[in-house]
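In case you want the letters, here they are:
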There are 2 protein chains.
Amino acid sequence: MKVELQRVAPADIEARSMEIIQSELGERSFPAEVLPVVKRVIHTTADFDYADHLVFSEGAVQRGVEAIRQGCTIVTDTQMARSGINKRVLERFGGEVLCFMSDVDVANEAKERGVTRATVSMERAARLKGPLILALGNAPTALVRACELMEAGELRPALVIGVPVGFVNVVESKELLLTEQVPYIVARGRKGGSNVAACICNAMLYLASGNARE
Amino acid sequence: MKVELQRVAPADIEARSMEIIQSELGERSFPAEVLPVVKRVIHTTADFDYADHLVFSEGAVQRGVEAIRQGCTIVTDTQMARSGINKRVLERFGGEVLCFMSDVDVANEAKERGVTRATVSMERAARLKGPLILALGNAPTALVRACELMEAGELRPALVIGVPVGFVNVVESKELLLTEQVPYIVARGRKGGSNVAACICNAMLYLASGNARE
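Reading the values: rules and limits
Residues numbered from 1 in each chain as written. Chains lettered and ligands numbered in written order. Predicted model: local features only at pLDDT ≥ 70, side-chain atom pairs only at ≥ 80, totals over all residues. Heavy atoms only, no water. Pairing = 2+ DSSP bridges. Helix = DSSP H or I, 4+ residues; strand = E, 2+ residues; numbered from the N terminus. Axes fitted to C-alpha atoms, helices over the stretch in contact; angles between N-to-C directions. UniProt positions renumbered as here; feature names shortened; annotations may be inferred. Expected span 1.5 Å × (residues − 1). Buried < 20%, exposed > 50% of the residue type's maximum accessible area, 1.4 Å probe, protein only. Phe/Tyr/Trp six-rings, centres within 6.5 Å; stacked < 30°, edge-to-face > 60°. Parallel < 35°, antiparallel > 145°, perpendicular 65-115°, else oblique. Left-handed = near helix turned anticlockwise from the far one by under 90°. Contact = heavy atoms within 4.5 Å. Nonpolar A, V, L, I, M, F, W, Y, C, P; charged D, E, K, R; others polar. 1 Å grid on protein atoms, 1.4 Å probe; cavity = no way out; pocket = protein on both sides within 12 Å on 5 of 7 lines; lining within 4 Å. Points joined across faces, edges and corners; volume = space filled by probe spheres on them. Least-squares fit on C-alpha atoms with pLDDT ≥ 70 in both. Buried area = accessible area lost by both parts, 1.4 Å probe. Salt bridge = Lys/Arg side-chain N within 4 Å of Asp/Glu carboxyl O. Polar contact = N/O pair within 3.5 Å; in protein donor to acceptor, adjacent residues only side chain to side chain.

**Details of the sheet that holds strand E5 (residues 159-162) of chain B**
All names here are of chain B.
Part 1: The strand order across the open sheet formed by six strands is E1-E6-E5-E4-E2-E3, and the pairing between neighbours is mixed. Each edge of the open sheet carries a strand with a single partner, namely strand E1 (54-56) and strand E3 (96-99). In this sheet, neighbouring strand axes are inclined to one another by 15° on average, regardless of whether the strands run parallel or antiparallel.
Part 2: The sheet contact formed by E5 and strand E6 (residues 184-187) spans three bridges and is parallel.

**Observations regarding the UniProt feature "domain: Cobalamin biosynthesis precorrin-8X methylmutase CobH/CbiC" (unreviewed entry) in chain A**
Part 1: As annotated in UniProt, the feature "domain: Cobalamin biosynthesis precorrin-8X methylmutase CobH/CbiC" (unreviewed entry) corresponds to residues 12-207 of chain A in the numbering used here.
Part 2: Along residues 12-207 of chain A the backbone is 54% helical and 12% strand, and the end-to-end C-alpha distance reaches 19 Å.

**Topic: helix H11 (residues 194-208) of chain B**
Residue and element names in this part refer to chain B.
Part 1: For H11, which comprises 15 residues, the first-to-last C-alpha distance of 21 Å matches the rise-based estimate of 21 Å (1.5 Å per residue) to within 8%.
Part 2: The buried fraction of H11 amounts to 14 of the 15 residues, a majority that puts the element mostly inside the structure.
Part 3: Two residues or fewer past H11, Gly210 is found with a positive phi of approximately 75°.

**Observations concerning the packing of aromatic side chains**
A ring pair, where both rings are aromatic, is described by two values, the distance of the centres and the angle of the planes.
Part 1: All chains considered together, the criterion is met by two aromatic pairs over all chains.
Part 2: Centre to centre, the rings of Phe48(A) and Phe167(B) are 6.1 Å apart; their planes meet at 85°, and the pair counts as edge-to-face. One end of the pair, Phe48(A), is in the loop between helix H2 (35-45) and helix H3 (50-53); the other, Phe167(B), is in the loop between E5 and helix H10 (170-177), on a second chain.

**Comments concerning the packing of helix H9 (residues 140-151) of chain B against H10(B)**
To characterise two packed helices, one gives the angle between the axes of the helices and the distance between these axes.
Residues and elements named next belong to chain B.
Part 1: Relative orientation of the contacting elements H9 and H10 amounts to 25°, with a least axis distance of 9 Å. Between H9 and H10, the interaxial angle falls into the category roughly parallel. In this structure, H9 crosses over H10, and the sense of that crossing is left-handed. Each of Pro140, Leu143, Val144, Cys147, Met150 and Glu151 in H9 lies in contact with H10, whose residues at this interface are Val170, Ser173, Lys174, Leu176 and Leu177.
Part 2: Looking at side-chain class alone, the contact of H9 with H10 contains eight nonpolar, one polar and two charged residues.

**Quick word on empty space enclosed by the protein**
Part 1: For the coordinates displayed, the defined rule picks out one cavity of 30 Å³ or more.
Part 2: Looking at the largest cavity, it is lined by 14 residues, and the ones nearest its centre are Thr45(A), Tyr50(A), Asn195(A), Thr45(B) and Tyr50(B).
Part 3: At the level of secondary structure, the elements contributing two or more residues to the lining of the largest cavity comprise helix H11 (194-208) of chain A together with H11 of chain B.

**As for the relation of the copies chain B and chain A**
Part 1: When chain B is fitted onto chain A, the two copies agree to an RMSD of 0.0 Å after a turn of 180° and an axial shift of 0.0 Å. Look at the turn and shift together and you get a two-fold axis relating the two. No C-alpha of chain B approaches the rotation axis more nearly than that of Met80(B), which lies at 2.6 Å.
Part 2: A share of 100% of interface residues in chain B that are also interface residues in chain A marks the association as one of identical surfaces.

**Observations concerning the interface of chain B and chain A**
Part 1: Taken together, the contacts link 48 residues of chain B with 48 residues of chain A.
Part 2: Between chain B and chain A lies a buried interface of about 3800 Å² when both sides are counted; carbon and sulfur atoms form 67% of it.
Part 3: It is Met80(B), Phe167(B) and Val168(B) that lose the most area in chain B upon contact with chain A, and together they represent 19% of the buried surface on that side.
Part 4: The residue Glu24(B) makes a salt bridge to Arg190(A) at a minimum N-O spacing of 2.5 Å.
Part 5: The tally of links from chain B across to chain A stands at nine residue pairs in polar contact (both at pLDDT 80 or more).
Part 6: Where the side of chain B that touches chain A is concerned, the elements lending two or more residues are helix H1 (13-25), helix H2 (35-45), helix H5 (79-84), H9, H10 and H11 of chain B.

Rendered as structure tokens:
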């Protein structure tokens, strides 16, 4: 072996990572409620920019945790985000993750109307019953449509995770969400992603189940 | 609507994003072969750090494209990376994506041996026939084990995408890969991820099929 590796047992890797993150956050202080979310996003991305860019509405994490405990549906805007969410923990609370992006009828309707599949997906989400978390890590068009539906009183999520990534209307869609009367967790600026959306959900799932990590 | 949005048709969003990325890369020049990969990683992450951190062995992208055209198997170290790879394009070439991380026998063997599932997954990958791309965006233990197997002559991938993310042995595992006699694409440093691993595969899939994007 031409490179020196640290000896850390598999079960200890995540705890050691979290110690390093806490140490590098230094003197910065975060409300106790949001700290596990901030740390897990940095754990997922190795990007400390999120310590500056993550914005939480008052009590947002607690609202997400409550929704999970009530067996909420999480709707994502990519299959990748859906794949990254810990479904074993979510299902223990009776919840599930849905993503409408690959549905043939969603694709067809989007094409006919000249809108994105993400737009149509949010309209599907608005028809669901029960507590709902939107976890949007990709499509600003999903986030914009969600805001429109909320303004029209047709969509009432328990929490919106608004972390699309990219260059066209991404910043704008997140600024729009910040104006809405809804619990939100937002990564301001261009950065975000399906991995970020999924890991924010997982941070709340571990809080809901009383374990740092499962 | 309280925020001004750019009017961009759904089909034009990606092209517009790529124009912005190209523009912000400014005078920086990249070999023609690697530019589509660099741009797609920035498109996926909105993180221009990757322009500095991505390292390609000579001809690595071409080796990946050739393997795809030969109907290679892509092995990932997360279900999330597997989920993010464009399987429609890959299957057109006769290829498939596999991830062994959720296999019960992999989990059992890892537990018995006191190693990570990612370690055992690479041993499974080494048994596969035909051209192979390893797309590792999460587990440094996968990358380290892959390097050991290559050094032992038991694993001969066409290309290793080494982009694990994190804080424990991540930097070291990538530096190790840089010492191996194998085509590689590496994101040096702590950053990377399942999304990065998947999008590097997708960049090569689009090159293989002669389309900027499908």
